[in-house]
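# A structural walkthrough
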Amino acid sequence: MALFSAPPSPLGDLLQTITFAAEKHIHQRRKNALKTPYINHPLGVAHILWFEAGVEDIATLQGAILHDTVEDTDTTFEELERHFGAEVTRIVKECTDDKHLPKMERKRLQIENAPHKSDKAKLVKMADKIYNLRDLQKEAPEGWTRERVEEYFVWAKKVTDGCKGVNGRLEAILAGIYAKGP
Ligand SMILES: Nc1nc2c(ncn2[C@@H]2O[C@H](COP(=O)(O)OP(=O)(O)O)[C@@H](OP(=O)(O)OP(=O)(O)O)[C@H]2O)c(=O)[nH]1
Ligand SMILES: [Mn+2]
């Protein structure tokens, strides 16, 4: 409960965003052996953007923190709009797969749609893939074969190739990851 009215600030906006995402992902775990809390992933994506890519735009960082809330929890775009406004909601929308579609179709659409996304959504998409690829280099999710990991690398490259032109640092990190491989 707020005891006083905090002044508007990007730091406050970020805290609200982190708290919202943490509550939404509360029951979700990563697919690793330790079953890490899922919130580590969206926070890690925002961390890559700020600390490795030099991204200072708050809406982009908020989009990163919220990027899996609609896809993976009961969160709606209306709810995001109400709490965080139109720009943040648009970024999340651009990063959200339609879960009603078959998986193969979703994967195909990510490749096809990547080049047409906004610059801010491209930043989130690239950082999302960096986080997941690094996870795969450390440890495959439970039940994943070597082949499935390799296929993820091939597919992720096709998606991130379509995101080129907005951040050289992210592109360099991705090039290093693909050169090393799984
Ligand atoms: N590497 C890895 N990924 C994990 C882990 N736990 C959960 N994930 C999530 O799994 C997704 C990648 O697995 P897939 O089999 O391709 O997708 P699926 O979730 O639709 O089954 C990613 O979703 P996403 O972030 O929405 O991204 P993407 O599906 O668009 O790549 C990733 O965040 C983990 O321990 N390691
Ligand atoms: Mn993600």
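Just so we're clear, the structure is a prediction, and the values are computed from it rather than from any experiment. (Residues numbered from 1 in each chain as written. Chains lettered and ligands numbered in written order. Predicted model: local features only at pLDDT ≥ 70, side-chain atom pairs only at ≥ 80, totals over all residues. Heavy atoms only, no water.)

Turning to the site of ligand 1, a few remarks are in order. Neighbouring ligand 1 are 21 residues, the closest being Arg30, Lys103, Lys107, Arg148 and Tyr152. At a separation of 2.7 Å, an oxygen atom of ligand 1 approaches a polar side-chain atom of arginine 30. Here asparagine 132 contributes a side-chain N or O atom positioned 3.2 Å from an oxygen atom of ligand 1. The fraction of the free accessible surface of ligand 1 (680 Å²) that becomes covered by protein chains is 89%. Using a 2 Å cut-off from the grid points, one finds that ligand 1 occupies the largest pocket. (Near = heavy atom within 4 Å. Polar contact = N/O pair within 3.5 Å; in protein donor to acceptor, adjacent residues only side chain to side chain. Areas by Shrake-Rupley, 256 points an atom, 1.4 Å probe, with all protein chains shown as cover. 1 Å grid on protein atoms, 1.4 Å probe; cavity = no way out; pocket = protein on both sides within 12 Å on 5 of 7 lines; lining within 4 Å. Sits in = over half its atoms within 2 Å of the grid points.)

Right, let's get into helix 1 (residues 10–24). A rise of 1.5 Å per residue sets the reference length of helix 1, with its 15 residues, at 21 Å; its end C-alpha atoms lie 21 Å apart and thus fit the reference within 8%. When we look at burial in helix 1, the residues that qualify are Leu14, Thr17, Phe20, Ala21 and Lys24. Considered in projection along helix 1, the buried side chains sweep an arc of 130° and stay on one side of the axis. Exposed positions of helix 1 whose direction lies more than 90 degrees from the buried face are Leu11, Leu15, Gln16 and Glu23. If you follow the buried residues of helix 1, they end up packed against helix 3 (58–66), helix 4 (69–72) and helix 5 (77–94). One side-chain oxygen of the residue at the start of helix 1 lies 2.9 Å from the amide nitrogen of leucine 11, identifying that residue as serine 9. (Helix = DSSP H or I, 4+ residues; strand = E, 2+ residues; numbered from the N terminus. Expected span 1.5 Å × (residues − 1). Buried < 20%, exposed > 50% of the residue type's maximum accessible area, 1.4 Å probe, protein only. Arc of directions from axis to C-beta. Contact = heavy atoms within 4.5 Å.)

Scanning the model with the defined rule gives 15 salt bridges in all. The closest approach of N and O atoms between lysine 24 and glutamate 79, which form a salt bridge, is 3.0 Å. Of this pair, lysine 24 sits in helix 1 while glutamate 79 is found in helix 5, placing the two residues 55 residues apart along the sequence. The two residues lysine 24 and glutamate 79 agree in class, both being buried. (Salt bridge = Lys/Arg side-chain N within 4 Å of Asp/Glu carboxyl O.)

Take the side chain of threonine 75 next. Note that threonine 75 resides in the loop between helix 4 and helix 5. Judged by its relative accessible area of 4%, threonine 75 falls in the buried class. Within the structure, the side chain of threonine 75 is placed 2.7 Å from the side chain of threonine 73, a separation counted as a polar contact. Among residues more than four places away in sequence, those in contact with threonine 75 are Phe20, Lys24, Thr69, Val70 and Leu80.

UniProt records the feature "domain: HD/PDEase" (unreviewed entry) at residues 34–142, using the numbering of this structure. Secondary structure across residues 34–142 divides into 69% helix and 0% strand, with the first and last C-alpha atoms of the span separated by 10 Å. (UniProt positions renumbered as here; feature names shortened; annotations may be inferred.)

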